[in-house]
Amino acid sequence: MESYSHPLYSCRKCRTPVALAEDLLSKSFVAKSGKAFMFSQAMNTVLGKKYDKPLITGNFTIADLYCKTCGEELGWKYIKCHEKTQSYKVGRFIIEKAKIVKEY
Ligand SMILES: [Zn+2]
């Protein structure tokens, strides 16, 4: 088992670490299930197919993000952005709060 710096966020289903608290950028995102967090990076995850998605803030190309261990859908990654003002999101990960637990 690799060791990660704590605190971190792990998959609620299987407790695999998926993101570090130090990589948390914002807690003010909203996803299907409610609140979501933005991270600069994620780990132990796999990406689904890329697709275009019109969001409230503009048109994006995103890919769904899944837990590598149990396959649970966690959120998504911004792959490409079609609005200049939103380009800071490119390469960032959105993970739904309901899908993760914080571990100290
Ligand atoms: Zn999992």
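As the structure is a prediction and not an experimental result, all values here were calculated from the model. (Residues numbered from 1 in each chain as written. Predicted model: local features only at pLDDT ≥ 70, side-chain atom pairs only at ≥ 80, totals over all residues. Heavy atoms only, no water.)

1. Some points on the sheet that holds strand β6 (residues 58-67)
To keep things clear, this is the line we draw: One bridge is not enough; two strands pair if DSSP finds at least two bridges between them. The helix count covers DSSP runs of H or I at least four residues long, the strand count covers runs of E at least two residues long, and both are numbered beginning at the N terminus. Inter-axis angles, ranging from 0 to 180 degrees, are taken between N-to-C directions of lines fitted to C-alpha atoms, where helices are fitted over the stretch in contact.
With antiparallel pairing, six strands are arranged side by side in an open sheet as β3-β4-β8-β7-β6-β5. Edge positions in the sheet fall to β3 (24-31) and β5 (45-55), since each of these pairs with one other strand and no more. Averaged over all pairs of adjacent strands, the angle between strand axes in this sheet comes to 30 degrees, irrespective of strand direction.

2. Considerations on the UniProt feature "domain: Yippee" (unreviewed entry) in the protein
Put simply, the test is: UniProt positions are given in the numbering used here, feature names are shortened, and annotations may be inferred rather than shown by experiment.
In the numbering used here, UniProt assigns the "domain: Yippee" (unreviewed entry) feature to residues 7-104. Strand forms 61% of residues 7-104 and helix 0%; the C-alpha atoms that close the span are 4 Å apart.

3. A word on the coordination of the zinc ion
Worth spelling out the cut-off: Donor atoms: N, O and S within 2.8 Å of the metal, or within 3.2 Å for Na, K and Ca. Because water is excluded, sites can look incomplete. For a four-donor site, all angles between 85 and 135 degrees give tetrahedral; for four or six donors, opposite pairs above 155 degrees with the remaining angles between 65 and 115 give square planar or octahedral; all remaining cases count as irregular. Only protein chains enter the accessibility calculation, which uses a 1.4 Å probe. A residue is then buried if its area is under 20% of the maximum for its type, exposed if over 50%, and partly exposed in between.
Donor atoms from the polypeptide that coordinate the zinc ion comprise Cys11 (SG), Cys14 (SG), Cys67 (SG) and Cys70 (SG), at 2.3 Å from the metal. Coordination at the zinc ion is tetrahedral: its four donor atoms span angles of 102 to 116 degrees at the metal. Mapping the donors of the zinc ion onto the primary sequence gives the spacing C-x2-C-x52-C-x2-C. Here Cys14, found in the loop between β1 (8-11) and β2 (17-20), pairs with Cys70, found in the loop between β6 and β7 (73-81); they are 56 residues apart in sequence, far enough to count as distant. Given the relative accessible area of 27%, Cys14 is considered partly exposed. Classification of Cys70 by relative accessible area gives partly exposed; the value is 32%.

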